Amino acid sequence: MPLVIKDEYPEKLFREDGKRLDGRDKTELRPIKMEVGVINNADGSAYLEWGNNKVFAAVYGPREVHPHHLAKPDRGILRVFYRMTTFSVFERKRPAPGRREKEISMVIGDCLEPVLFLELYPGTSFEVFIEVIDADGGTRCASTTVAALALADAGIPMKSLVTSLAVGKIDGELVIDLSGIEDKAGEADLPCAITWYNDELSLLQFDGDMTLEEMNTSMDSAVEALKEIYEKQLTALKSKYIAIQEETLKQQESKTDGGEE
Amino acid sequence: MKMMNIKRVISSIERKYIADNLKKEERLDGRGLWDYRKYNINANTIESAEGSADVTLGDTRIITGLKYEVGTPFPDLPDEGVCTVMAELLPLASPLFERGPPNEQSIELARVVDRGIRHADCVQTKKLCIKEKEAVYILFVDMYVINHGGNLIDCGGVSALTTLITSHLPEGKLNDDNNLEWTGKYLNGKDIVNELPFVLTYGKIDDIIFLDPNLSEELVSDGRISISVTEEKITSIQKSGAATFSVDEVKMLANKSMEIGKQLRKDFDLWQYLVEK
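Thresholds applied
Residues numbered from 1 in each chain as written. Chains lettered and ligands numbered in written order. Predicted model: local features only at pLDDT ≥ 70, side-chain atom pairs only at ≥ 80, totals over all residues. Heavy atoms only, no water. Helix = DSSP H or I, 4+ residues; strand = E, 2+ residues; numbered from the N terminus. Buried < 20%, exposed > 50% of the residue type's maximum accessible area, 1.4 Å probe, protein only. Areas by Shrake-Rupley, 256 points an atom, 1.4 Å probe, with all protein chains shown as cover. Lys, Arg positive; Asp, Glu negative; His and termini not counted. Charge placed at Lys NZ, Arg CZ, Asp CG, Glu CD. Phe/Tyr/Trp six-rings, centres within 6.5 Å; stacked < 30°, edge-to-face > 60°. Lys NZ or Arg CZ within 6 Å of the ring centre and 35° of its normal. 1 Å grid on protein atoms, 1.4 Å probe; cavity = no way out; pocket = protein on both sides within 12 Å on 5 of 7 lines; lining within 4 Å. Points joined across faces, edges and corners; volume = space filled by probe spheres on them. Nonpolar A, V, L, I, M, F, W, Y, C, P; charged D, E, K, R; others polar. Pairing = 2+ DSSP bridges. Axes fitted to C-alpha atoms, helices over the stretch in contact; angles between N-to-C directions. Contact = heavy atoms within 4.5 Å. Expected span 1.5 Å × (residues − 1). Salt bridge = Lys/Arg side-chain N within 4 Å of Asp/Glu carboxyl O. Core = buried A, V, L, I, M, F, W, Y, C linked by side-chain atoms within 4.5 Å. Parallel < 35°, antiparallel > 145°, perpendicular 65-115°, else oblique. Left-handed = near helix turned anticlockwise from the far one by under 90°. Buried area = accessible area lost by both parts, 1.4 Å probe. Polar contact = N/O pair within 3.5 Å; in protein donor to acceptor, adjacent residues only side chain to side chain.

I'm lost on the overall build of chain A in this one. Help?
Along its length, chain A carries four helices and 10 strands. Beginning at the N terminus, the succession of helices and strands in chain A can be written as β-β-β-β-α-β-α-β-β-α-β-β-β-α. Dimensions of chain A, computed from C-alpha atoms along their principal axes, come out at roughly 70 × 55 × 45 Å. The proportion of buried residues among the 261 residues of chain A is 49%. By element, 51% of the accessible surface of chain A is carried by carbon and sulfur atoms, the whole surface being about 12,600 Å². Between the centroid of the 31 positive side chains of chain A and the centroid of its 47 negative side chains there is a distance of 5 Å.

In structure tokens:
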């Protein structure tokens with residue numbers, strides 16, 4: 001179907017002053033905002049804005065497995081459903097989930113499973129629903145990061161959080177946190193995720209071309225940036241309880257004030 | 001462990017409790033029979049969409065976005081564009097929602113919102129024509145339920161309407177070779193939207209009728225009726241569920257809808273969300 005404006009890529013991905021098109025340095029992250037407990041009906045939930053990416057994640061579980069034959073007698077199962085809204089991308093996405101969404105769901109599921117104690121929940125399922133409502137490159141990493149937060153918000157025992165980020169190569173230069181344009185027009189894209197309980201990679205994909213040396217450097221800069229995002233995850237988790245604490249303190253204060261009168 | 005179906009949790013005791021309170025014209029959340037929960041509108045929140053809105057009504061939250069395609073018009077309406085409405089009840093939004101293709105409930109939501117808009121002279125389909133018989137805009141207004149707290153229809157209606165008002169469609173024209181070209185300008189809400197229809201939903205338990213059922217009221221009510229109104233006219237009605245309504249009740253509700261609709265139109269002042277581009 002034709003569109004009035006066509007999706008075109010710029011020839012250069014760096015500006016005259018050496019910065020990237022959105023004004024960032026090579027090792028600079030886009031602004032990241034996270035919040036937990038945003039969906040009341042869910043057992044746990046989180047919302048993430050990462051540059052122009054906007055992602056919701058909700059966790060339900062442990063609950064009955066549906067359909068029943070998927071249940072495992074000795075352990076729980078984790079099911080992840082990564083979906084994008086029709087309006088999250090340049091050209092309207094068809095409403096039914098496509099091959100890409102199914103593959104990414106699986107990759108994220110495999111990434112998150114190691115941090116859970118599924119053997120403690122035989123016969124049940126944990127379902128993680130991820131909805132990308134606005135997309136601009138790196139949605140699988142954003143989704144993994146926000147899904148880990150939602151699991152933690154649900155109070156599900158975890159060995160650690162999981163944090164994810166894509167690094168890559170554009171116009172021959174190594175950069176971190178590729179934007180949508182950089183992802184499409186760049187030379188290499190390397191999404192990865194770390195499970196912090198053992199500091200190992202739990203999600204790893206790579207498309208493009210890099211020399212061995214470039215790969216080594218990319219990995220190292222990814223780990224540095226991942227630590228920065230991890231701190232933000234922890235702050236987001238804590239801030240929910242800090243808010244509750246402040247609220248309770250305020251109530252107690254107003255009660256004691258009332259008593260004195 | 002939580003069961004799949006939270007409908008079971010709404011017991012006959014809770015039903016009686018809600019109904020008894022309604023008879024005293026009291027509701028569990030402190031509202032009167034004809035009060036809405038608090039509406040909150042955030043407009044134009046999605047960068048990738050050509051219009052969008054994030055609307056909450058109490059606990060209910062619906063995010064809507066607009067996308068477009070250029071296609072050929074229907075043969076019987078050669079100079080009119082098309083506007084379609086879709087709704088997704090995300091399993092993320094409630095344990096009541098299941099995965100899979102659209103079910104009755106999501107189709108009803110989309111249809112009721114669509115009919116309220118379609119019969120109201122809201123979307124100016126003639127303005128969506130690029131060239132007669134050749135090229136028109138096809139608009140997709142897609143609603144996603146993010147949290148289900150009852151009364152999706154009214155929240156969806158405001159969400160869809162706000163989305164249309166925030167629209168910014170690149171203006172196209174066909175050049176001499178019949179190829180599509182961008183004029184460099186945009187069509188916005190002022191070009192596309194005329195009337196502002198609102199849909200108002202009432203629940204019924206026994207012989208008590210009340211506006212804007214919340215989730216527990218919705219789960220225990222016998223049925224509901226949704227009425228779409230513009231400034232001057234009633235444009236669409238949908239009765240659903242097993243409840244029946246007397247003719248007098250329907251007349252009374254139509255009258256109430258016009259009244260409350262006027263107030264909403266004034267309070268929301270949706271034209272403030274126009275996007276100039």
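Can you help me understand the packing of aromatic side chains in this one?
When we look at a pair of aromatic rings, we describe it by the centre distance and by the angle of the planes. Following the criterion strictly, the structure yields 12 aromatic pairs over all chains and no others. Between Tyr36(B) and Tyr39(B), the ring centres sit 5.3 Å apart and the planes meet at 50 degrees, which makes this aromatic pair tilted. For the pair shown, Tyr36(B) and Tyr39(B) are each scored as buried. With centroids separated by 5.0 Å and ring planes inclined at 85 degrees, the aromatic side chains of Tyr39(B) and Phe268(B) adopt a geometry described as edge-to-face. Placement of Tyr39(B) in strand β1 (residues 39-43) and of Phe268(B) in helix α6 (residues 247-268) is noted, with a sequence separation of 229 residues between them. The pair Tyr39(B) / Phe268(B) is uniform in exposure class, with both members buried. Linked through ring pairs, Tyr36(B), Tyr39(B), Phe198(B) and Phe268(B) together constitute an aromatic cluster. Here the basic side chain of Lys159(A) rests over the ring of Phe117(A), its NZ or CZ set 5.4 Å away from the ring centre. Over the face of the ring belonging to Trp271(B) we find Lys190(B), whose NZ or CZ atom lies 4.2 Å from the ring centre.

Explain the layout of surface pockets here, please?
In this approach, a probe sized like a water molecule rolls over the atoms, and the result shows the empty space that is left. If you add up the space inside the largest pocket, you get close to 1,200 Å³. Along its surface, the largest pocket is lined by 46 residues, and Phe90(A), Ala135(A), Asp136(A), Lys184(A) and Ser48(B) are the ones closest to its centre. When residues of the lining of the largest pocket are traced back to their parent elements, those giving at least two are α2 (139-153), α3 (180-185) and β8 (188-195) of chain A together with β3 (60-71) and β7 (168-174) of chain B. With five residues, α3(A) is the largest single contributor of residues to the lining of the largest pocket. Its residues assigned to classes, the lining of the largest pocket shows 20 nonpolar, 10 polar and 16 charged.

Quick question: what am I supposed to make of the sheet that holds strand β4 (residues 77-84) of chain A here?
Sheets are built from strands that pair by backbone hydrogen bonding, the pairs being arranged parallel or antiparallel. Residues and elements named next belong to chain A. The strand order across the open sheet built from five strands is β1-β2-β3-β5-β4, with neighbouring strands paired in mixed fashion. Two strands lie at the open edges of the sheet, namely β1 (32-36) and β4, each paired on one side alone. Across this sheet, the average inter-strand angle for adjacent strands is 15 degrees, counted without regard to direction. Strand contacts of α2: β1, β2 (44-50), β3 (53-64), β4 and β5 (124-134), with the helix running at about 150 degrees to β2, the strand carrying the most contacts.

Quick question: what am I supposed to make of helix α1 (residues 99-112) of chain A here?
Because an α-helix completes one turn every 3.6 residues, residues spaced three or four positions apart along the sequence face the same direction. All names here are of chain A. In a regular helix each residue adds 1.5 Å, so 14 residues correspond to 20 Å; α1 covers 20 Å between its end C-alpha atoms and thus fits that length. Those residues of α1 that fall on the buried side of the exposure criterion are Glu101, Ile104, Ser105, Val107, Ile108, Gly109, Cys111 and Leu112. Where α1 is buried, its residues meet β4, β5, α2, β6 (162-170), β8 and β9 (200-204).

I tried to follow the pattern of salt bridges on my own but got confused; where do I start?
Oppositely charged side chains can form a pair if their charged atoms are brought close together. If you walk through the whole model with that rule in mind, you get 37 salt bridges over all chains. Across the pair Asp134(A) and Lys54(A) runs a salt bridge, and its minimum N-O distance is 3.1 Å. With Asp134(A) in strand β5 and Lys54(A) in strand β3, this residue pair connects regions lying 80 residues apart in the sequence. The residues Asp134(A) and Lys54(A) share a single accessibility class, namely buried. Of the charged contacts in the structure, one is a salt bridge between Glu217(B) and Arg31(B), with a shortest N-O distance of 3.6 Å. A residue pair is termed long-range when its members are at least 10 positions apart, and Glu217(B) in helix α5 (residues 215-220) and Arg31(B) in the loop between α1 (12-23) and β1 qualify at 186 residues. On the accessibility criterion, Glu217(B) (3% relative accessible area) is buried.

I keep staring at the nonpolar core and nothing clicks. Help me out?
Nonpolar side chains in soluble globular proteins tend to end up buried together. The biggest cluster of nonpolar side chains holds 66 residues, and the ones touching the most others in it are Leu109(B), Tyr137(B), Leu139(B), Leu164(B), Leu169(B) and Tyr202(B). Ranked by residues supplied to this core, first place goes to helix α3 (residues 152-165) of chain B with eight residues. The residues contacting Leu164(B), other than those within four sequence positions of it, are Leu66(B), Cys83(B), Ile117(B), Cys122(B), Val123(B), Leu139(B), Val141(B), Gly189(B) and Val193(B). Residues Ile104(A), Ala147(A), Ala150(A) and Ala222(A) belong to the second largest nonpolar core, which totals 55 residues.

I'm lost on the packing of helix α2 (residues 104-118) of chain B against α3(B) in this one. Help?
Two numbers describe a pair of packed helices, the interaxial angle and the distance between the axes. Residue and element names in this part refer to chain B. Across the interface, α2 lies against α3 with an axial gap of 9 Å and an inter-helix angle of 50 degrees. Between α2 and α3, the angle falls in the class oblique. Judged by the sense of rotation from one axis to the other, the crossing of α2 with α3 is right-handed. Packed against α2, whose contacting residues are Gln105, Leu109, Val112, Val113 and Ile117, the element α3 presents Leu152, Ile153, Gly156, Gly157, Ala160 and Leu164 at the interface.

Explanation requested: the interface of chain B and chain A in the structure shown.
If you look at the interface, chain B gives 43 residues, while chain A gives 37 residues. The junction of chain B with chain A conceals about 3,500 Å² of combined surface from both sides, 62% of it contributed by carbon and sulfur atoms. Linking chain B with chain A are one salt bridge. Put simply, Arg92(A) and Asp142(B) hold a salt bridge, and the shortest N to O gap is 2.9 Å. Elements with a minimum of two residues in the side of chain B that touches chain A: β3, β4 (82-89), β6 (135-147), β7 and β8 (180-188) of chain B. Here the side of chain B that touches chain A takes 10 residues from β3(B), the largest share from any one element. For the side of chain B that touches chain A, the residue count by class is 23 nonpolar, nine polar and 11 charged.

What's the story with the pairing of β9(A) in this structure? I'm lost.
All names here are of chain A. Pairing analysis gives four bridges linking β8 to β9, with the strands arranged antiparallel. Bridge pairing links Thr195 to Glu200 in β9. Adjacent in sequence and paired antiparallel, β8 and β9 are bridged by four residues, among which Asp199 carries a positive phi angle near 55 degrees.

Would you mind showing me how to read the environment of Val55(A) here?
Position of Val55(A) relative to the elements: it lies in strand β3. If we ignore the near neighbours within four places in the chain, the residues touching Val55(A) are Ala46(A), Tyr47(A), Leu48(A), Ile130(A), Glu131(A), Val132(A), Ala142(A), Ser143(A) and Val146(A).

I would appreciate a short explanation of the side chain of Asn53(A) in the present structure.
Residues and elements named next belong to chain A. Within the element layout of this structure, Asn53 appears in strand β3. On the basis of relative accessible area, Asn53 is assigned to the buried category, the value being 0%. Among the polar contacts made by the side chain of Asn53, one reaches the main-chain amide nitrogen of Asp136 at a distance of 2.5 Å. In contact with Asn53, not counting residues within four places along its chain, are Arg30, Leu48, Asp134, Ala135, Asp136, Gly137, Gly138 and Thr139.

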